Amino acid sequence: MYDPVQLRTFLTVAQTLSFTQAAGRLGVRQSTVSQHVRRLEEATGRPLFLRDTHSVELTEDGEALLGFARTILEAHERAAAFFTGTRLRGRLRFGASEDFVLTRLPEILEGFRHQHPEVDLELSVELSGTLHERLDAGRLDLVLAKRRGPGDERGRLVWRDRMVWIGAEGLRVDAERPVPLIAFPPPGITRARALEALEREGRPWRVACTSGSLSGLIAAARAGLGVMAHARGLIPPGLVRVGGLPELGPVEFALLRGARVPASAGALASAILSGADRLSRTA
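Basis of the calculations
Residues numbered from 1 in each chain as written. Predicted model: local features only at pLDDT ≥ 70, side-chain atom pairs only at ≥ 80, totals over all residues. Heavy atoms only, no water. Salt bridge = Lys/Arg side-chain N within 4 Å of Asp/Glu carboxyl O. Helix = DSSP H or I, 4+ residues; strand = E, 2+ residues; numbered from the N terminus. Buried < 20%, exposed > 50% of the residue type's maximum accessible area, 1.4 Å probe, protein only. Core = buried A, V, L, I, M, F, W, Y, C linked by side-chain atoms within 4.5 Å. Contact = heavy atoms within 4.5 Å. Arc of directions from axis to C-beta. Pairing = 2+ DSSP bridges. Right-handed = clockwise from strand over helix to strand, strands pointing away. Phe/Tyr/Trp six-rings, centres within 6.5 Å; stacked < 30°, edge-to-face > 60°.

**Overview of the pattern of salt bridges**
Overall, the coordinates contain 14 salt bridges when judged by the stated rule. Between Glu41 and Arg51 there is a salt bridge whose closest N-O contact spans 3.6 Å. Residue Glu41 is found in helix α3 (residues 30-44), and its partner Arg51 is found in strand β1 (residues 49-51); the two are separated by ten residues along the sequence. Classification of Glu41 as buried rests on a relative accessible area of 14%. Across the salt bridge formed by Arg154 and Asp136, the nearest N and O atoms sit 3.3 Å from each other. Taken together, the residues span a long stretch of sequence, with Arg154 in the loop between β5 (142-146) and β6 (156-168) and Asp136 in helix α6 (residues 128-136) at a distance of 18 residues. Judged by relative accessible area, which is 32%, Arg154 ranks as partly exposed. Here the salt bridges share partners, and the residues they tie into one network are Asp136, Arg148 and Arg154.

Given below as structure tokens:
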């Protein structure tokens, strides 16, 4: 009833919230993406997306289909791996941005380890800027991190979101005083985006807290020390959006590979792309 090719297209649109971006990631025409989604909607008898010329959003039925689609595709991948008889081995150096500490990325990695028990997976959790540097230096094989900014098209887009300001519930930012900023240290990409936005509108700021760990920043934000820039889909429990501050714009998360990578990097990249919708939901 549900074609795996159409389900993969559906998941890609759900992750990128863009028919154009989904087509680029899948290597097909945009009309093909639209056709796959239309046929899947005909098969389910339900609309899966709300779309106009400016935006794409999942309907409630589309949200419900996410889990089913992922399960079906994972079953197909397990069957294919079993009957091809290929066994991946060796070391895989994988770097993940601090942004994914509280998401369901561990579930994806656990599934990969279960399917490929002979791969020695080495995980590094760092700032996105640091991961880019380590990848360029040949010290990592595969990286899941923010793109550096507009115009950066390296790697394969995993999902797109918007950056927002967050803080403790009830926190108010005084327009007459410097914005108290909670941020990663350099070369944090989120920090750079926050400073660019504030300086673009001439808003004075001060660093109220800096920490190399996301848990440290969250603790400071929950204590009401200030505001932090964060992806809208990854807002931690206990924190809410804060208004009255400059727009931060979109953010893109991508998978990037090193110059020479083991075959296992492709398998892990496929697992992450298939389960990317879980990355925008906190554990």
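Next comes the rest of the write-up.
**What about the nonpolar core?**
A general trend in soluble globular proteins is that nonpolar side chains are found buried together. Phe94, Leu105, Leu144, Trp165 and Leu279 are the most contacted members of the largest nonpolar core, which totals 42 residues. By residue number, the principal contributor to this core is helix α9 (residues 263-274), which donates six residues. Excluding anything up to four places from it in sequence, Trp165 contacts Leu181, Ala194, Leu198, Val227, Met228, Ala229, Val240, Arg241, Val242, Leu245, Pro246 and Leu248. Counting residues in each nonpolar core, the second largest holds 19 residues, with Phe19, Leu40, Leu58 and Leu65 among its members.

**Digging into helix α8 (residues 214-222)**
Three or more residues of α8 are buried, namely Leu214, Leu217, Ile218, Ala220 and Ala221. Mapping the buried residues of α8 onto a view down its axis gives an arc of 160°, with all of them on the same face. Residues of α8 that are buried in the fold lie against β6, β7 (179-183), β8 (205-210), β9 (228-231) and β10 (239-241). Just downstream of α8, Gly224 is the residue with a positive phi angle, here 80°.

**Comments concerning the pairing of strand β4 (residues 119-126)**
For strand β3 (residues 90-97) and β4, the ladder comprises eight bridges, and the chain directions are parallel. Each residue of the ladder has a partner; that of Leu92, found in β4, is Leu121. Regarding the hand of the β-α-β motif, the stretch spanning β3, helix α5 (residues 105-115) and β4 is right-handed.

**Comments concerning the packing of aromatic side chains**
Inspection of the entire model under this criterion finds four aromatic pairs. Ring plane angle 70° and centroid distance 6.1 Å describe the contact between Phe19 and Phe49, whose orientation is recorded as edge-to-face. You can see Phe19 sitting in helix α2 (residues 19-26) and its partner Phe49 sitting in strand β1, a full 30 residues away along the chain. Phe49 shares its class with Phe19; the two are buried. Arranged with centres 4.8 Å apart and planes meeting at 20°, the rings of Trp159 and Phe253 form a pair that is stacked. Linking Trp159 in strand β6 with Phe253 in strand β11 (residues 250-257), this pair joins segments that are 94 residues apart in sequence. We note that Trp159, like Phe253, is buried. Ring pairs connect the aromatic residues Phe10, Phe19 and Phe49, which therefore count as one cluster.

These figures come from the coordinates and say nothing about function on their own.
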